[in-house]
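Residue strings, one per chain:
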Amino acid sequence: MEDEPVVPEPATRRSKRARAQVRTADFTRTDKIEDELEEEREESSDDLQENRRKPKRNKATEGASTSAAAARKADSSLIEVVKGDGKEIPDVVKRWVEHYDKNQKSATADLLSMLFEACGAKYCLQEEDIDMTDVDDVVVALVNMARRGEIEDYQSSKRAFKNFKDNLIYFWDNLVSECQSGPLFDQSLFDRCLDYIIALSCTPPRCYRQIASLMGLQLVTSFINVAKVLGAQRETTQRQLNAEKKKKIEGPRVESLTKRLSMTHEKITTMEEMMRKIFTGLFVHRYRDIDPDIRMSCIESLGVWVLSYPSLFLQDLYLKYLGWTLNDKSAGVRKTSVLALQTLYEVDDNVPSLNLFTERFYKRMLELADDIDISVSVCAIGLVKQLLRHQLVPDDQLSSLYDLLIDDPPDVRRAIGALVYDHLIAQKFNNSQSRSTGSDSDSSEVHIIRMLQILKEFSTDPILSLYVIDDVWDYMGGMKDWKCIIQMLLADNPSAELDDVDATNLIRLLFASTRKAVGERIVPATDNRNPHYTKAQKEIFENNKRDVTVSMMKTYPQLLRKFMPYKDKVSPLVEIIVHMNLELYSLKRQEQNFKAILKLMREAFFKHGEKDALRSCVKAIKFCATDSQGELQDFAQNQIKELEEELIGKLKSAIKDVVNGGDEYLLLVNLKRLYEFQLSHRVPLESMYQDLVHVLKSFRTIDDEVIAFLLLNMFFHVSWCLQSVLSSETVSEALLSSLVEKRDALLEQLEYFLDKPLKLHGDVSYKNQLAYRVCGILADTWCLFKRIRFASTNLEMLGYSPDESIVKKYWKMCEQLLNVSDDAEEDEGNREYVEETNADAVMFALAKLVATDSVPKEHLAPEIISHLEKYGTSVSETVKHLVTSLKKKGDISSILVETLKMAYQRYLVALSGNDKSLSSKLFQECKSLAARLSGSYVGVARTKYKAEIMNIVKEGISYAFSHAPKQLSFLDGVVLHFVSKLPAPDILDIMRGVERRTENVKTDEDPSGWRPYYAFLDTIREKYLKNEAVKDGKEGTSVRRRGRPRKKQDLQGKRLFDEQSSSEEDDSISGSDQDATVEEKQEDDEENVPLIHSLKASSKLRSLKVSKEDKRDQTRTVDAGRATEELTPKTSGASS
């Protein structure tokens, strides 16, 4: 295969000029229309009279009307027929062929006129000029008509244009079919048509190229249909001739067959020559056209040609174009090329001829599986499946594909899941292995064992395992074979292939598969919308729930007994019951098994002290108490009461041990159990609340984690008491007093840790757990009891508002926690409760206090926002939402001004300390903060919040001049960003106001100090003049330029399209907003691409994701205009 030429970079798009829909006087048909309307009125009048008389219609009348309709059809021009509904096309084509047989020049003139009008140009060739007219002269005249705007734009309506294209294709296909017996091979008619079609396909006007390419590509397809029929005739004739020759008798029969064979071969040769003519004259230029639709149609047609006529097109000379367009900048073209190749590889007979092509381009096919466009990725994965089916890709090249199992787009993950199932689990593409294993290869157990081998690669991260299971679940029936999975788990002599890790993964698989079977999502969705299921789907889910319940009804207790000691197995195993139909336990008389399950769950609750196990046990027991029926429900509720009593008893015993100097471990474990239980259930702690307070007061040196869970349980008890008060119709004074007393005791302990500075460990975040907890509990308590919530009500005594000094201490602690490095948090990513004790939780607590007006926001809000540049990405997002929330409530100009002052004041402090590097960094942070805050005032917001912006500017100017020239850099660094958001007249007023402040000031005494002042004036003067120029330009013309700013002309690097091509001339005539729209959409999609939705606890997931993103950045930049030199075509454009 020859080397591919280098693709230049795409040409710069130019602004679109509207095509004028012009109908010249030569084609005005007013008189004709009026005559037709008059005839229709007369006919309708006659019909009305006939309907009144209701006479019998004779055959002569019917024959006359049919003849009149036929006459009207005969008078219709070819282009009118094509623009119509298309039903008349076969009859019209037959009449045209008859007309051609009688008068070739007249019929040819009609056909060429239709060809021109189909392109949009009303240009008529006269019969006598057919032989004398030069093709180039006609094409030049047509191009000039386009430049003058004298062409019809068929694309004003997409639906009508599609109908027109379909009819045009239908017309040419019928024409080729009807001309098989003569005109097709006269080397006059179609040669002339091809000359005009090829010439028009290379002209600048895009409409010409679109329609000419459409007709030329369809002609090749029609020629192939004729050639295939002729090929079948040639084979039949050859067999007959061979049979006659075997008789060894020469005669007229042999001569006739020989002559027929020769004529058929000549016709096929003629067809193939015309195909080559169109390919070399049209395809090789248009497959790299600037219009992606033209490129798509070319590649789609080539795929059809290769598939339907492999004797000519299934060779590297033509296949290389499919390989080159795998690097096209348009996702639609890449997808078309991939689909074309996929259809080729589906035919086994084509594979030997594709060996060299595959060797050259298979790596690019693998890269496309991770294409930036999701649809291209999905199609490319299907193509890779075909390559694997024919064993054309080495297995060591597939590692990058398997990384997509944990990719974001669900469609890509599903496609990779299908590939993994076919290739690794079912092993459909490995015939030798399938034969060696025999029928066992299709058994559920074999498939599950192979799946476990895959899951072992992700065994340390349950979240990644869920992604893999979700990807393969739809294709692997073994995951729904509940009995097989349970038998594998309960086997007394487990297979040597299954170890402890496999058992853990198998339980995870059982739990995840159960959730999928009943319609639950096991991985977060990208749209965060609740799924909508049809009635049939819901019935399937109910049937699956019934099947799971029946399969596990008797074996569930055995599974719990076997795996209860293992903390990593008990959590998913216990939670399976939440997805079962508990009613069946009563219907099938399995009450004893149900009671045994509850007892085992209660035993597991007290056997483990980890968060996941405890949370799963509580969830399962609560579900049994609410969803079971009758006697079983009473038993479950009694189990909850007994669990409460046992837990309180164990907690009292643990407290006594600590008071007597014993170990704190039992106290910590039981406090965790109580905390998890109180998350969803109220536990009566009235008798123990004071004991918890006593432990906090008397034992200040106990472990921070114990203190944290003591405070958490106190807070939840207070919260449940408040909920009880709010839900009661009447509340006694004693109850309110008791609640206030408990609240004050909790606040007293929390404020103690604010007064006593905590030793924060900046390098190891888990040692700061108590500080995180104090911040969170204080914020929640202040929000629950905020004064404005209970003001002017009977519960006013419950209202509480912290003092300003307490709020400042609270901010200091939060500020220290927010400064803990992200690396320190990630190092402890696998610890328990990480989502509750990190910087995100701290910022959420702060934002909640400000947004709900639980504390005065005048101080806390500026402090939060002023540190925006220091925060990580997720924390910054919370701050952005806070600013948006405050904006909705009213004017926040004073808050933003105070925010900017705080940031600037930190710069001044560093500047006074002669630390140049720190002061430079802080000033840059201040400028970046101003830029980000002013960036929220864009578009309509500039008008809506104009008064707010003006207040910020005025306050900022006053602050800058309050200590001039020391603080003048505030003008250039901060105020300037907001000034640019104002209209030109307001900018002029601001500039004059600033100048008036220095009328009596000698600025030349300190030139360096006043330099920011002059820089500020120069910049806003430039902004003002620029806005005036833009305004004047808009007033002078009514054309509004759309889309993104024009790219620079001197672009460097490889280019897919030649800048001097005549396709660019077309852009200057007709242009296209499509490319700009597509690229903008792609940019928006990239900005909104969600990260993989997993908990922050997954440190391995983050590391894998980082490596994947780096790899994605390297591979995805290849898509469109970039490609390796050996894989890209050389030039582009409309000129040949």
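Keep in mind that this is a model prediction, so the values were computed, not measured.

1. Some thoughts on the packing of aromatic side chains
Geometrically, a pair of aromatic rings is defined through the distance of the ring centres and the angle of the planes. Applying the stated criterion across every chain, the model contains 38 aromatic pairs. Relative to Phe709, the ring of Tyr675 lies with its centre 5.6 Å away and its plane at 75°, an arrangement referred to as edge-to-face. One end of the pair, Tyr675, is in helix 31 (residues 665-678); the other, Phe709, is in helix 33 (residues 704-727), with 34 residues separating them in the sequence. Look at Tyr675 and you get buried, because its relative accessible area is 4%. Overall, the relative accessible area of 0% leaves Phe709 in the buried class. Ring-pair connections join several aromatic residues into one group, and the members of that group are Phe279, Phe283, Tyr287, Trp305, Phe313, Tyr318, Tyr321 and Trp324. Its guanidinium or amino end placed over the ring of Phe709, Arg773 lies 5.8 Å from that ring's centre, counting from NZ or CZ.

2. Some thoughts on helix 41 (residues 873-889)
Here helix 41 is 17 residues long and its end C-alpha atoms lie 25 Å apart, about the 24 Å a rise of 1.5 Å per residue gives. Buried residues of helix 41: Val875, Ser876, Val879, Leu882, Val883, Leu886 and Lys887, and no others. On an axial view of helix 41, the arc spanned by its buried residues comes to 135°, and they lie on one face. Away from its buried face, by an angle of more than 90 degrees, helix 41 presents the exposed residues Thr873, His881 and Lys888. Buried-residue contacts for helix 41 involve helix 37 (804-818), helix 39 (839-851), helix 40 (857-866), helix 42 (893-912), helix 43 (916-934) and helix 45 (946-962).

3. Re the pattern of salt bridges
Side-chain pairs of opposite charge can arise where the charged atoms are in close proximity. According to the stated counting rule, one finds 44 salt bridges in the structure shown. Residue Arg414 is joined to Asp470 by a salt bridge in which the shortest nitrogen-to-oxygen separation is 2.8 Å. With Arg414 in helix 18 (residues 410-425) and Asp470 in helix 21 (residues 462-472), this residue pair connects regions lying 56 residues apart in the sequence. According to the relative accessible area criterion, Arg414 is partly exposed, its value standing at 23%.

4. Points about the environment of Ser586
Within the secondary structure layout, Ser586 lies in helix 27 (residues 583-587). Sequence separation between Ser586 and Gly630 is 44 residues, and the spatial gap between their C-alpha atoms is 8.9 Å. The residues contacting Ser586, other than those within four sequence positions of it, are Glu591 and Leu632.

5. Quick notes on the side chain of Ser337
Tracing the backbone shows Ser337 in helix 14 (residues 331-346). In terms of polar contacts, Ser337 uses its side chain to reach the backbone carbonyl oxygen of Leu322, at 2.6 Å. Every residue in contact with Ser337, bar those within four places of it in the chain, is listed here: Ile299, Leu322, Thr325 and Leu326.

6. A look at the environment of Arg276
For Arg276, the location among the structural elements is in helix 10 (residues 252-286). Setting aside its immediate chain neighbours within four residues, Arg276 contacts Leu312 and Tyr318.

7. Re unusual backbone geometry
Put simply, Ala964 and Pro965 share a cis peptide bond, and its omega is 0°. Considering the arrangement of structural elements, one finds Pro965 in the loop between helix 45 and helix 46 (969-979). For Gln391, which is not a glycine, the phi torsion comes out positive at approximately 55°. Taking the relative accessible area as the measure of exposure, Gln391 reaches 54% and is therefore exposed.

8. Focus: the nonpolar core
Counting residues in hydrophobic clusters, the biggest one holds 335 residues, and the most contacted among them are Trp172, Phe313, Tyr556 and Tyr810. Ignoring anything within four residues of it in the chain, the contact list for Phe313 reads Val220, Ile224, Met275, Phe279, Leu302, Trp305, Val306, Tyr318 and Leu319.

9. Focus: helix 8 (residues 189-201)
Along its 13 residues, helix 8 runs 18 Å from first to last C-alpha, staying within 8% of the 18 Å computed at 1.5 Å per residue. Regarding helix 8, the residues found buried are Leu189, Phe190, Cys193, Leu194, Tyr196, Ile197, Ile198, Leu200 and Ser201. On its buried face, helix 8 sits against helix 4 (89-102), helix 5 (104-118), helix 6 (135-147), helix 7 (158-178), helix 9 (206-246) and helix 10.

10. Topic: the packing of helix 25 (residues 556-563) against helix 26 (residues 567-575)
Orientation of helix 25 relative to helix 26, taken along the N-to-C sense of each, is 160°, at an axis distance of 9 Å. Viewed along their axes, helix 25 and helix 26 adopt a mutual orientation that is roughly antiparallel. The crossing of helix 25 and helix 26 is left-handed. Along its contact with helix 25, which presents Tyr556, Leu559, Leu560 and Phe563, the element helix 26 presents Lys569, Val570, Leu573, Val574 and Glu575. Here the contact of helix 25 with helix 26 is built from residues that sort into seven nonpolar, no polar and two charged.

11. Quick look at a negative patch on the surface
A contiguous patch of negative charge on the surface is contributed by Asp110, Glu127, Glu128 and Asp129. Within the fold, Asp129 resides in the loop between helix 5 and helix 6. Given a relative accessible area of 31%, Asp129 falls into the partly exposed group.

12. Points about the confidence of the model for the protein chain
Residues with a pLDDT of 70 or more make up 80% of the protein chain, whose mean pLDDT is 80. Low confidence marks residues 1-72, where pLDDT is under 50. Its contacts with residues over four positions away, or in another chain, come to 103 contacts.

13. So, the environment of Asp744
Note on placement: Asp744 falls in helix 34 (residues 733-755). Residue classification places Asp744 among the partly exposed positions, given a relative accessible area of 34%. Separated by 56 residues in sequence, Asp744 and Tyr800 place their C-alpha atoms 9.7 Å apart. A polar contact of 3.0 Å, which involves the side chain of Asp744, links it to the side chain of Arg743.

Rules behind the numbers
- Residues numbered from 1 in each chain as written.
- Predicted model: local features only at pLDDT ≥ 70, side-chain atom pairs only at ≥ 80, totals over all residues.
- Heavy atoms only, no water.
- Phe/Tyr/Trp six-rings, centres within 6.5 Å; stacked < 30°, edge-to-face > 60°.
- Helix = DSSP H or I, 4+ residues; strand = E, 2+ residues; numbered from the N terminus.
- Buried < 20%, exposed > 50% of the residue type's maximum accessible area, 1.4 Å probe, protein only.
- Lys NZ or Arg CZ within 6 Å of the ring centre and 35° of its normal.
- Expected span 1.5 Å × (residues − 1).
- Arc of directions from axis to C-beta.
- Contact = heavy atoms within 4.5 Å.
- Salt bridge = Lys/Arg side-chain N within 4 Å of Asp/Glu carboxyl O.
- Polar contact = N/O pair within 3.5 Å; in protein donor to acceptor, adjacent residues only side chain to side chain.
- Core = buried A, V, L, I, M, F, W, Y, C linked by side-chain atoms within 4.5 Å.
- Axes fitted to C-alpha atoms, helices over the stretch in contact; angles between N-to-C directions.
- Parallel < 35°, antiparallel > 145°, perpendicular 65-115°, else oblique.
- Left-handed = near helix turned anticlockwise from the far one by under 90°.
- Nonpolar A, V, L, I, M, F, W, Y, C, P; charged D, E, K, R; others polar.
- Patch = residues over 30% accessible without salt bridge, like charges linked within 9 Å, V, L, I, M, F, W, Y side chains within 5 Å.
- Areas by Shrake-Rupley, 256 points an atom, 1.4 Å probe, with all protein chains shown as cover.
- Lys, Arg positive; Asp, Glu negative; His and termini not counted.
- Charge placed at Lys NZ, Arg CZ, Asp CG, Glu CD.
- pLDDT = per-residue confidence, 0-100.

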